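Each chain, written out:
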Amino acid sequence: MASEFSGLGIAYKGHFTRLKWHRLRRSFKDPLFSAGVMAEGFRLGASSELDLRVRADGGFVVLHDEELEGETTGHGLIREALPETIRGLTLLEGGHPPILSEDLATMLRTAHPDALLQFDMKDEFAAVGSRGVDHLAGYFAGAGSSIIISGADLDLIVAVKNRLPDLKRGIDPTNKLVDIYRDQGLKGVETDLRADIAGPTEPDTIYLAWQLVLQAAKDGLDLIGLCHDAGRLVDAWTFNLRSPDAGFDEAEARQFAALMALKPDQITTDEPIATERAWARIAPEAN
């Protein structure tokens, strides 16, 4: 029997929070970075995320680790591998071939208008270079609102902005903000986050660890509200249930309810369907 839950998001008290399919998963039972799951997300209009690594020819492949042996049957640095080599490999989890950026461009043509695919860039601009940015422009210049480019290297995000101004952009200052929080307190966090929002990347979305969001709110700073006041969206990552079939335990229920009260625009999870189902059990207002 099909689930009554889609894993697309949660409507609660007049606000809709999307559930983003982390690493192209609706469940930990799904294989990592599966083209089949991505196609289903495109059909439904889901928000989903994948990692991109640059190849030797300046194109990209959907993988997280720097070396092929981390997730595939291959060996060596991905940035030194050619596409024909990568096409001959399979993922250790799932046994399917890796998805190349050329495959992504073809599949995106079938996407529902509401579908959003996050390209989380795992290499810095020094590795990607102008050739990699040119590759993105050649294959995704017409993608418009279907893609959001994110990454830790702000120089890369700025380079993409300059070459592909119509693509959405996201930044994740979490690690930096955690260090600032420890050394300078909430005022330092607020100052730095405001500077990033106003910075040259001109981000559409700010990615923040949900633990940071809740701790800052407990101590008196609403990071999501700060971003909303600046006209930016917030993705709170990555909330996973310890027991997806059982639903929230007591601590998870408190944490997720506190997070929903802050009205994030999106929550990243490897278990979107189970999360939606678990929330429906404890929140009568959810629909």
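See the structure shown above.
Now for a description of the structure that goes with this document.

What counts and what doesn't
- Residues numbered from 1 in each chain as written.
- Predicted model: local features only at pLDDT ≥ 70, side-chain atom pairs only at ≥ 80, totals over all residues.
- Heavy atoms only, no water.
- Helix = DSSP H or I, 4+ residues; strand = E, 2+ residues; numbered from the N terminus.
- Buried < 20%, exposed > 50% of the residue type's maximum accessible area, 1.4 Å probe, protein only.
- Contact = heavy atoms within 4.5 Å.
- Axes fitted to C-alpha atoms, helices over the stretch in contact; angles between N-to-C directions.
- Parallel < 35°, antiparallel > 145°, perpendicular 65-115°, else oblique.
- Left-handed = near helix turned anticlockwise from the far one by under 90°.
- Core = buried A, V, L, I, M, F, W, Y, C linked by side-chain atoms within 4.5 Å.
- Pairing = 2+ DSSP bridges.
- Right-handed = clockwise from strand over helix to strand, strands pointing away.
- Salt bridge = Lys/Arg side-chain N within 4 Å of Asp/Glu carboxyl O.
- Phe/Tyr/Trp six-rings, centres within 6.5 Å; stacked < 30°, edge-to-face > 60°.

### Structural notes on the environment of Glu 40
Next up, step 1: Counting through the fold element by element, Glu 40 comes out in helix α1 (residues 35–44).
Next up, step 2: For Glu 40, a relative accessible area of 23% translates into the label partly exposed.
Next up, step 3: It is 12 Å that separates the C-alpha atoms of Glu 40 and Asp 30, two residues lying 10 residues apart in sequence.
Next up, step 4: Residues in contact with Glu 40, not counting those within four places in the same chain, are Trp 21 and Arg 26.

### Describing the packing of helix α3 (residues 101–108) against helix α4 (residues 125–140)
Next up, step 1: In contact at an axis separation of 10 Å, α3 and α4 are set at 25 degrees when each is read in the N-to-C sense. Between α3 and α4, the angle is such that the two are roughly parallel. Crossing hand, α3 versus α4: right-handed. Residues Ser 101, Glu 102, Leu 104, Ala 105 and Leu 108 of α3 form the contact with α4, whose participating residues are His 135, Tyr 139 and Phe 140.

### Focus on the nonpolar core
Next up, step 1: Residues Met 38, Leu 50, Leu 104, Phe 119 and Phe 140 are the most contacted members of the largest nonpolar core, which totals 43 residues.
Next up, step 2: Of all elements in the fold, only α1, β3 (47–54), β4 (60–61), α3, β5 (116–121), α4, β6 (147–151) and α5 (154–163) reach the threshold of two or more residues within this core.
Next up, step 3: Take this core: its biggest share by element is five residues, from α4.
Next up, step 4: Setting aside its immediate chain neighbours within four residues, Phe 140 contacts Ser 101, Leu 104, Ala 105, Leu 108, Phe 119, Ile 147, Leu 164 and Leu 167.
Next up, step 5: Formed by 37 residues, the second largest nonpolar core is a distinct cluster that contains Tyr 181, Leu 208, Ile 224 and Leu 226.

### Some details on the pairing of β5
Regular strands have side chains that alternate between both faces of the sheet.
Next up, step 1: In terms of burial, β5 is largely enclosed, as six of its six residues are buried.
Next up, step 2: Here β5 shows a buried face lined by Leu 116, Gln 118 and Asp 120 and a second buried face lined by Leu 117, Phe 119 and Met 121.
Next up, step 3: Here β3 runs beside β5; their pairing, made up of six bridges, is parallel. Paired with Asp 51 across the two strands is Asp 120, which belongs to β5.
Next up, step 4: As paired strands, β5 and β6 are joined by five bridges and run parallel to one another. Considered in β6, the bridge of Phe 119 is made with Ile 149.
Next up, step 5: Viewed along the sheet, the connection from β5 through α4 into β6 turns out right-handed.

### Concerning the pattern of salt bridges
Next up, step 1: For the coordinates displayed, the defined rule picks out 24 salt bridges.
Next up, step 2: Among the salt bridges present, the one from Arg 43 reaches Glu 40, with a minimum N-O distance of 2.7 Å. Of this pair, Arg 43 and Glu 40 both sit in helix α1, three residues apart, roughly one helical turn.
Next up, step 3: Among the salt bridges present, the one from Asp 103 reaches Arg 87, with a minimum N-O distance of 3.2 Å. With a gap of 16 residues between them, Asp 103 in helix α3 and Arg 87 in helix α2 (residues 83–87) connect regions that are remote in the sequence.
Next up, step 4: The partly exposed category is assigned to Asp 103, whose relative accessible area is 22%.
Next up, step 5: A network of salt bridges, in which partner residues are shared, links Arg 23, Arg 25, Glu 93 and Asp 270.

### Details of unusual backbone geometry
Next up, step 1: Within the chain, Lys 13 stands out as a residue other than glycine whose phi angle is a positive 50 degrees.
Next up, step 2: In the Ramachandran plot, Phe 33 falls in the positive-phi region, its phi being about 50 degrees despite a non-glycine side chain.
Next up, step 3: With respect to the helices, strands and loops of the structure, Phe 33 is situated in the loop between β2 (15–21) and α1.

### Regarding the side chain of Arg 25
Next up, step 1: Among the structural elements, Arg 25 can be located in the loop between β2 and α1.
Next up, step 2: In this structure, Arg 25 is in contact with Asp 30, Pro 31, Leu 32, Val 37, Glu 93, Thr 269, Asp 270 and Pro 272, ignoring residues within four places of it in sequence.

### Examining the packing of aromatic side chains
Here the distance between the centres and the angle between the planes together describe a pair of aromatic rings.
Next up, step 1: Applying the stated rule across the entire model yields seven aromatic pairs.
Next up, step 2: Each ring, one from Phe 239 and one from Phe 248, has its centre 6.3 Å from the other, and the planes form 90 degrees; the classification is edge-to-face. When sorted by exposure, Phe 239 lands in the same class as Phe 248, which is buried.
Next up, step 3: By the ring-pair criterion, three or more aromatic residues cluster together here, those being Tyr 12, Trp 210, Phe 239, Phe 248, Phe 256 and Trp 279.

Everything listed here is a matter of geometry and, on its own, says nothing about what the molecule does.
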